[in-house]
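What the coordinates show
The primary structure of each chain is shown beneath.
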Amino acid sequence: MNVQWSWERAADSIPILLDGFKITLLATVLGFVLAAVIGLAIAVVRQSAPKFVTMPLRAVTEFIRLTPLVVQLLFVYYLLPQFSPLQIGIAVLGIHYSTYMAEVYRAGIDAVPPGQWEAARALSLPQTRTWRAIILPQAIRSTLPALGNYAISMFKDTPFLFAITVVEMVTAAQQYGARTFQYLEPITIAGVIFLLASYPTSILIRKLEKSLVY
């Protein structure tokens, strides 16, 4: 195996890596949307539902959060073979990260001043309107930077999808290396693509966080 860098091999691997990047991006975007919605639902239920509902829900979310993502992927992959690996990957990514986002939402909800709740009760607003019009807009605004960080983390965790045969970008790089016996270029370019996608996003998140604070 030649370990010297070759720009020709690098150029040859880029189209394959970009095909894998499309899968990586698709899994990240759909997984993030799923995680954001489920996480918000978990947070609201845990804040407003009675204990006989919140206690089992908390136990389930803790179990999901504290078990490895790759184990969850393999478990669901073998449990539900009727679904495609990509569908399973998106669903598991979304559910796994929803448990983290639920804690972020919960912190945002707790940060809403008690006076907001008292004013809503004084106005006799229905609970659904209180959540929709008063509490959630304030809570979500303060949680946006943390949610963005989890989006980046999810993006970087997509290589775990190789465990269920999803050909995302890193798996595409490995397959190119296995076919040509040259791994240096595809793996390096995959890392650069991750960096080019993640770094500008992290800068935007920091700017957003500063704008929300100040």
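Bear in mind the structure is a predicted one, so any value in this text is a computation, not a measurement.

With that settled, consider the packing of helix 2 (residues 51-66) against helix 4 (residues 85-110). Relative orientation and spacing of two packed helices are given, respectively, by the angle between their axes and the distance between those axes. Look at helix 2 against helix 4: their axes get within 9 Å of each other, and the N-to-C directions meet at 115°. For helix 2 against helix 4, the interelement crossing comes out left-handed. Taking contact as the criterion, the partners of T61, I64 and R65 in helix 2 are, on helix 4, I95, H96, T99, Y100 and E103. Here the contact of helix 2 with helix 4 is built from residues that sort into 3 nonpolar, 3 polar and 2 charged.

Core analysis: the largest hydrophobic core is formed by 29 residues, its most contacted members being L93, Y105 and L161. The set of elements that each furnish at least two residues to this core consists of helix 1 (7-48), helix 3 (69-79), helix 4 and helix 6 (127-157). It is helix 4 that provides the largest number of residues to this core, a total of 9 residues. Excluding its chain neighbours within four sequence positions, the residues that come into contact with Y105 are A36, G39, L40, A43, I140, T143 and L147. Listed in part, the 10 residues of the second largest apolar core include A10, F21, A190 and I193.

This part covers the packing of aromatic side chains. Scanning the entire structure with this criterion turns up 8 aromatic pairs. With a centroid separation of 5.2 Å and an interplanar angle of 65°, the aromatic rings of Y77 and Y78 are classed as edge-to-face. On the basis of relative accessible area, Y77 is assigned to the partly exposed category, the value being 22%. You can call Y78 exposed: its relative accessible area is 60%. Ring centres 5.3 Å apart and planes at 85° place the aromatic pair W117 and W131 in the edge-to-face group. Of this pair, W117 sits in helix 5 (residues 114-122) while W131 sits in helix 6, and the two are 14 residues apart along the sequence. For W131, a relative accessible area of 7% corresponds to the buried category.

Before going further, it helps to spend a moment on the confidence of the model for the protein chain. When the pLDDT values of the protein chain are averaged, the result is 91; 98% of them are 70 or greater. Element-level mean pLDDT values for the protein chain span from 84 in helix 5 up to 97 in helix 3.

Once that is clear, we can look at a nonpolar patch on the surface. Taken together, the side chains of L25, L26, V29, L30, V33 and V37 present a nonpolar region at the surface, about 480 Å² in accessible area. Tracing the backbone shows L25 in helix 1. Classification of L25 as partly exposed rests on a relative accessible area of 40%.

Moving on: unusual backbone geometry. With phi around 60°, S124 is a residue other than glycine that occupies positive phi space. Inspection of the secondary structure puts S124 in the loop between helix 5 and helix 6. Owing to a relative accessible area of 61%, S124 belongs among the exposed residues under this scheme. In this model, T165 sits at a positive phi of 70°, which is unusual for a non-glycine residue. Structurally, T165 is set in the loop between helix 6 and helix 7 (169-180).

Cut-off values and rules
Residues numbered from 1 in each chain as written. Predicted model: local features only at pLDDT ≥ 70, side-chain atom pairs only at ≥ 80, totals over all residues. Heavy atoms only, no water. Axes fitted to C-alpha atoms, helices over the stretch in contact; angles between N-to-C directions. Helix = DSSP H or I, 4+ residues; strand = E, 2+ residues; numbered from the N terminus. Left-handed = near helix turned anticlockwise from the far one by under 90°. Contact = heavy atoms within 4.5 Å. Nonpolar A, V, L, I, M, F, W, Y, C, P; charged D, E, K, R; others polar. Core = buried A, V, L, I, M, F, W, Y, C linked by side-chain atoms within 4.5 Å. Buried < 20%, exposed > 50% of the residue type's maximum accessible area, 1.4 Å probe, protein only. Phe/Tyr/Trp six-rings, centres within 6.5 Å; stacked < 30°, edge-to-face > 60°. pLDDT = per-residue confidence, 0-100. Patch = residues over 30% accessible without salt bridge, like charges linked within 9 Å, V, L, I, M, F, W, Y side chains within 5 Å. Areas by Shrake-Rupley, 256 points an atom, 1.4 Å probe, with all protein chains shown as cover. Salt bridge = Lys/Arg side-chain N within 4 Å of Asp/Glu carboxyl O.

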